[in-house]
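# An overview of the molecular structure
Chain by chain, the residues:
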Amino acid sequence: MDRRDFIRTAAGTGAVLAARPGAFVRDLYAFQETANLSHVEARYYIKLPDREIECQLCPRKCRLGDKERGYCGVRENDGGTYYTLVYGKACARNIDPVEKKPFFHVLPGTAALSIASAGCNVNCKFCQNWEISQVRAEQVTAYDFPPRDVAAAAEANRCPSIAYTYSEPTVFYEYMFDTAVEARRRNIRSLVVTGGLINPEPLEALTKVVDAIKIDLKAFTQAFYKDYVRGDLAPVLEAIKLVARQKIWLEIVYLVIPTLNDEPEEVRKMARWILKEVGPGVPLHFTRFTPMYLIKNLPPTPLSTLRSLRKIALDEGLQYVYTGNIPGDEGENTWCPTCRTLLIRRNGFAVEENAIKGGACPSCRNPVPGIWA
Amino acid sequence: MTESLVVIVRGRGVRSRGGEIAPAVLARIYERGLGLLTGQTGAEEALRTLFAPSDKVGIKINAIAGRELTSPPAVTLPFAGLFSRIGIADRNVVIWDRTNRELRAAGYALNADGPGPRILGTDTAGVGYDAEPFVHRNIASRISAVLTDRVTASVSFAILKDHGLAGVTAGMKNYFGAIHNPNKYHDDHCDPFVAELFDAPPVRTRHRLTVLDALVVQCHRGPAFHAAWAAPAESLIFGTDPVAVDAAGWRLVERLRKEKGLPTLAEEGRPPLYLQTAERLGLGRAAEADIRLLEDEV
Ligand code: SF4
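Going along each chain's sequence as written, the residues are numbered from 1 onward. Each chain takes a letter, starting from A, and each ligand takes a number, starting from 1, following the order in which they are written. Totals for whole chains, interfaces and linings use every residue, but because this is a predicted model, local features are given only for residues with pLDDT of at least 70 and side-chain atom pairs only at 80 or more, for both listing and counting. Excluding hydrogens and water, the side-chain values take into account all heavy atoms of the structure.

## Side note on the packing of aromatic side chains
- Aromatic rings from Phe, Tyr and Trp, with only the six-membered ring used for Trp, were paired whenever their centres fell within 6.5 Å, and each pair was classed as stacked if the ring planes differed by under 30 degrees, edge-to-face if by over 60, and tilted otherwise. For the structure on display, the rule yields 19 aromatic pairs over all chains.
- Ring centres of Tyr 87 of chain A and Tyr 175 of chain A lie 6.0 Å apart, and the angle between their planes is 50 degrees; on these two criteria the pair is classed as tilted. On the criterion of sequence distance, the pair formed by Tyr 87 of chain A in the loop between β6 (81–84) and β7 (89–90) and Tyr 175 of chain A in helix α4 (residues 173–185) is long-range, its members being 88 residues apart.
- Under the scheme applied here, a residue whose accessible area is under 20% of the maximum for its type counts as buried, over 50% as exposed, and between as partly exposed, the area being computed with a 1.4 Å probe on protein chains only. You can call Tyr 175 of chain A buried: its relative accessible area is 1%.
- Ring plane angle 80 degrees and centroid distance 6.4 Å describe the contact between Tyr 30 of chain B and Phe 238 of chain B, whose orientation is recorded as edge-to-face. With Tyr 30 of chain B in helix α1 (residues 23–38) and Phe 238 of chain B in strand β11 (residues 235–239), the pair connects residues that are 208 residues apart, well separated along the chain.
- We classify Phe 238 of chain B as buried; its relative accessible area is 0%. Strands here are runs of E lasting at least two residues and helices are runs of H or I lasting at least four, both read from the DSSP assignment and numbered beginning at the N terminus.

As structure tokens, this is what we get:
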């Protein structure tokens, strides 16, 4: 795979160019199709009597008999040993602007080699990538792309980072972890885009080998998580706190869905919680919802809602609050919280101007938190 | 309301210890079981009351557990062959499950377009799942195009067994193999999902008959095979009430568990609650008092 192959995917198109059966999307890559499953022993599970296992990777803790598969659809008990079916099997790989993840405080204006496998440990009714996340491992066309090759491809394509994204990287944990180790050997950073439903032990281990984690906080109520995510809020909050304690970068995204999670008071509570538990410097992105998957009856989020929620979070003391999926909106830009100098001007996924110097505001020298070089 | 009829026919010697099927005994089971179920003299007359010559019949099997615990071709092919006697051509009968890999592993020779009944997985080239998820109550799943495109009348030919999550897997849960994301419905002992999937129109409107394969019943630690808890019940169970036949299957599992000194599924905290949900949805009768169980032997 060379740079030209990747460039053809036109970073910034906004689409996940996943390799899937033709009904969904054109496959723009000339990859070698394998259509096979991996049979690599999973990490973080315990063996139980009578060939049962309990997966301990995420809060679901699936307890499964022989031949059964976890909720995520990509891990299977075979004879009492638990296997990941997606190790080294990418069903989507693209070069994306890092802003698309979105990471706004990580190497702005650079490209991230982005990969995913099938599967997810929740079932969000508004999933933007459900055709790869809500399927079992064999229902996508997966390509052999082992960790070493991913790191090499990132280097060859001059991507300073690899993003584990699109579906839910927790469910391809072993693949992500080993890729991050390979990447670090080549000075390539690893960026994780996750819903945050991962148990503390594997998460903490992961933070030792990756550089940044973006957590989707999908709402600030358990009711929303139960009804629209099929997961729980509490473990996500714990994951945010755990990542914040580590020496890696954290950003938080909140997809605003009209009438479902756009209550100003809930957002205010969330902003206060973030301020208390994480601090004022964590970027918070309010992104625009587009009708998708099982929620097609609601309109896209009004711009006014996004802007007013952003204002609430800023008023509560968070310093880097953004709007997302509104190209050209002022809320996409980074401003110095001390002297109000415009630091980064963005337009969609493009960085039009970056004034940050040595990780600080060029005017007042106030440090700007993030990974800048 | 009249009771729902469920028929259990035992055929002594129908399956040897080594798994060989005695065709003559099996044929008698079909004749007797289908006949008793419909009040007809035999299988042919029985099938005429349930299917039309214009039907395209899908026989959905459950091949997840390999050769040891899947209804083998020696059992399902003779059943599929009965349809030619009522004017349904072999090419309009399909034995199917979700993947060709699992069918092969269970001993099936795939047959997408050759002579004889079709045998294929949903992952056969040109088949697949419907592109859009079908949304019904708590279900949002892409449904196998075998069911939606190729079948007008469905038989759930399900192996009866204990199931670690659902309690029991039988005829209704067999349709988990007709959707792309069954793993999403394991919470709360698969309740209400088993019932709600069956209630979804693409399934409910096609389903005509349940045949439970209880030749060997895995009464504990299913869905995989564990020799210690595999009981040779030598029976097939027939029903047109999908809830009643599954409820009868469940009671057989409980009986076999008791014989092996195992606790009840309720005591293990996993009774098949989806049966009550299915009854509430009006899909059939779950209570023992509402089911007329006819047991016979050939
Ligand atoms: S990672 Fe998958 S198998 Fe493991 S607990 Fe989570 S959903 Fe279950």
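That covers the picture; the talk isn't over yet.
## Side note on the environment of Lys 184 of chain B
- Within the secondary structure, Lys 184 of chain B sits in the loop between β8 (167–169) and α6 (187–190).
- Linking Lys 184 of chain B and Ile 139 of chain B, residues 45 residues apart in sequence, is a C-alpha distance of 9.2 Å.
- Discounting chain neighbours no more than four positions away, the residues touching Lys 184 of chain B are Tyr 71, Cys 72, Cys 120, Val 122, Asn 123 and Gln 134 of chain A.
- Throughout this description, a polar contact denotes any pair of N or O atoms lying within 3.5 Å of each other; where both atoms belong to protein, one of them has to be capable of donating a hydrogen while the other can accept it, and for residues adjacent in sequence the pair is counted only when both atoms sit in side chains. At 3.4 Å, the side chain of Lys 184 of chain B and the backbone oxygen of Tyr 71 of chain A are in polar contact.
- Here Cys 120 of chain A takes part through its backbone oxygen, which lies 2.7 Å from a polar atom of the side chain of Lys 184 of chain B. The contact definition used throughout considers only heavy atoms, calling two residues in contact when any of these lie within 4.5 Å.

## Considerations on the pairing of strand β5 (residues 75–78) of chain A
Residues and elements named next belong to chain A.
- Of the strand pairs in this sheet, β5 and β6 are connected by four bridges, and their pairing is antiparallel. The partner of Arg 75 across the bridge, within β6, is Thr 84.
- Remark: two residues form the turn of the hairpin made by β5 and β6, two consecutive strands paired antiparallel; Gly 79 in that turn has positive phi of roughly 70 degrees. Strand pairing is assigned whenever DSSP identifies at least 2 bridges connecting the two strands.

## Re the confidence of the model for chain B
- For every residue, the predictor assigns a confidence score, pLDDT, that lies between 0 and 100. In the predicted model, chain B carries a mean pLDDT of 97, and 100% of its residues have values of at least 70.
- For this predicted complex, the interface confidence score (ipTM) comes to 0.92, while the overall pTM stands at 0.92.

## Some details on the sheet that holds strand β9 (residues 111–116) of chain A
All names here are of chain A.
- Within the open sheet, the eight strands sit side by side as β8-β9-β11-β12-β13-β14-β15-β16. Their pairing is mixed. Of all strands in the sheet, those bounded by a partner on one side alone are β8 (92–97) and β16 (321–324). With strand direction ignored, the average angle separating the axes of adjacent strands in the sheet is 20 degrees.
- Sheet analysis places strand β14 (residues 249–256) next to strand β15 (residues 284–288), joined by five bridges and oriented parallel. When the bridges of β15 are listed, Tyr 254 appears paired with Phe 286. As a rule, the C-alpha atoms of each element are fitted with a line to give its axis, helices using only the stretch in contact, and angles between N-to-C directions run from 0 to 180 degrees.

## A short note on the nonpolar core
- The definition of a nonpolar core used throughout is a set of buried Ala, Val, Leu, Ile, Met, Phe, Trp, Tyr and Cys residues joined through side-chain atoms within 4.5 Å. Ranked by internal contacts, the top residues of the largest apolar core, which has 153 residues, are Leu 217 and Phe 286 of chain A together with Leu 160 of chain B.
- Broken down by element, this core gets its largest block of residues, nine residues, from helix α9 (residues 242–259) of chain B.
- Delimitation of the domains relies on an automatic or database domain assignment. Two domains share this core, each providing at least three of its residues, namely domain 1 (1–35 + 87–194) and domain 2 (39–84) of chain A.
- If sequence neighbours within four positions are ignored, Phe 286 of chain A has contacts with Tyr 254, Val 256, Val 267, Met 270, Leu 306, Leu 309, Arg 310, Ala 313, Val 321, Tyr 322, Thr 323 and Gly 324 of chain A.
- By size, the runner-up hydrophobic cluster in this structure holds 41 residues, among which are Val 7, Leu 103, Leu 209 and Leu 215 of chain B.

## Regarding the site of the ligand
Residues and elements named next belong to chain A.
- Close to the ligand lie Cys 55, Leu 57, Cys 58, Arg 60, Lys 61, Cys 62, Gly 70, Tyr 71, Cys 72, Arg 75, Tyr 82 and Asn 121, which account for all nearby residues.
- Most atoms of the ligand, that is more than half of them, are within 2 Å of grid points of the second largest cavity.
- Tallied by class, the residues present in the shell around the ligand amount to seven nonpolar, two polar and three charged. Near residues are defined by distance, with any heavy atom within 4 Å of the molecule or strand qualifying the residue. Cavities and pockets are found on a 1 Å grid laid over the protein atoms alone: a cavity is a set of points where a 1.4 Å probe fits but cannot escape, a pocket is an open set with protein on both sides within 12 Å along at least five of seven lines, and a lining residue has an atom within 4 Å of such a point. A cavity or pocket is said to hold a molecule if more than half of that molecule's atoms lie within 2 Å of its grid points. Each residue receives one of three labels: charged for Asp, Glu, Lys and Arg, nonpolar for Ala, Val, Leu, Ile, Met, Phe, Trp, Tyr, Cys and Pro, and polar for the others, Gly being one of them.

## Here we look at the sheet that holds strand β2 (residues 45–47) of chain A
Residues and elements named next belong to chain A.
- Taking strand neighbours across the sheet as the criterion, the three strands line up as β2-β3-β4 in an open arrangement whose pairing is antiparallel. The strands lining the two open edges of the sheet, one partner per strand, are β2 and β4 (63–64).
- Sheet analysis places strand β3 (residues 53–55) next to β4, joined by two bridges and oriented antiparallel. Along β4, the bridge assignment pairs Glu 54 with Arg 63.

## Some details on the packing of α1 of chain B against helix α2 (residues 43–50) of chain B
All names here are of chain B.
- At their nearest, the axes of α1 and α2 sit 8 Å apart, and the two run at 45 degrees to each other. It follows that α1 is oblique to α2 by the angle criterion. Note that α1 runs across α2; the crossing there is left-handed. Contacts from Tyr 30, Glu 31, Leu 34, Gly 35 and Thr 38 in α1 reach Ala 43, Ala 46, Leu 47, Thr 49 and Leu 50 in α2.
- Residue classes in the contact of α1 with α2 are distributed as six nonpolar, three polar and one charged. Orientation labels follow simple angle bins: below 35 degrees gives roughly parallel, above 145 gives roughly antiparallel, 65 to 115 gives roughly perpendicular, and whatever is left gives oblique. In this scheme the handedness of a crossing depends on how the near helix is turned from the far one: anticlockwise by less than a right angle means left-handed, clockwise means right-handed.

## Observations regarding the pattern of salt bridges
- Only one rule defines a salt bridge in this text: a Lys or Arg side-chain nitrogen within 4 Å of an Asp or Glu carboxyl oxygen. Considering all chains together, one arrives at 48 salt bridges over all chains under this definition.
- Residues joined by salt bridges that share partners form a network here, namely Asp 50, Glu 52 and Arg 63 of chain A together with Arg 221 of chain B.

## Re unusual backbone geometry
- Along the chain, Lys 101 of chain A connects to Pro 102 of chain A via a cis peptide bond; the corresponding omega equals -10 degrees.
- Look at the link from Gly 222 of chain B to Pro 223 of chain B: it is a cis peptide, with omega at 15 degrees.
- In this structure, Pro 223 of chain B sits in the loop between β9 (207–218) and β10 (230–231).
- Look at Arg 365 of chain A: it is not a glycine, yet its phi comes out positive at around 65 degrees.
- Counting through the fold element by element, Arg 365 of chain A comes out in the segment after β19 (350–354).

## Considerations on the confidence of the model for chain A
- Predicted confidence across chain A gives a mean pLDDT of 91, with 91% of residues reaching 70 or more.
- Across residues 1–35 of chain A, where pLDDT falls below 50, the model places 72 contacts with residues more than four positions away in sequence or in other chains.

## Structural notes on the pairing of β11 of chain B
All names here are of chain B.
- Counting buried positions over the five residues of β11 gives five, a clear majority of the element.
- The alternating pattern of β11 places Ser 235, Ile 237 and Gly 239 on one face and Leu 236 and Phe 238 on the opposite face, and all of these are buried.
- With five bridges connecting them, strand β1 (residues 4–10) and β11 associate as antiparallel partners. Along β11, the bridge assignment pairs Ile 8 with Ile 237.

## Quick notes on the side chain of Glu 174 of chain A
- Position of Glu 174 of chain A relative to the elements: it lies in helix α4.
- The buried category is assigned to Glu 174 of chain A, whose relative accessible area is 1%.

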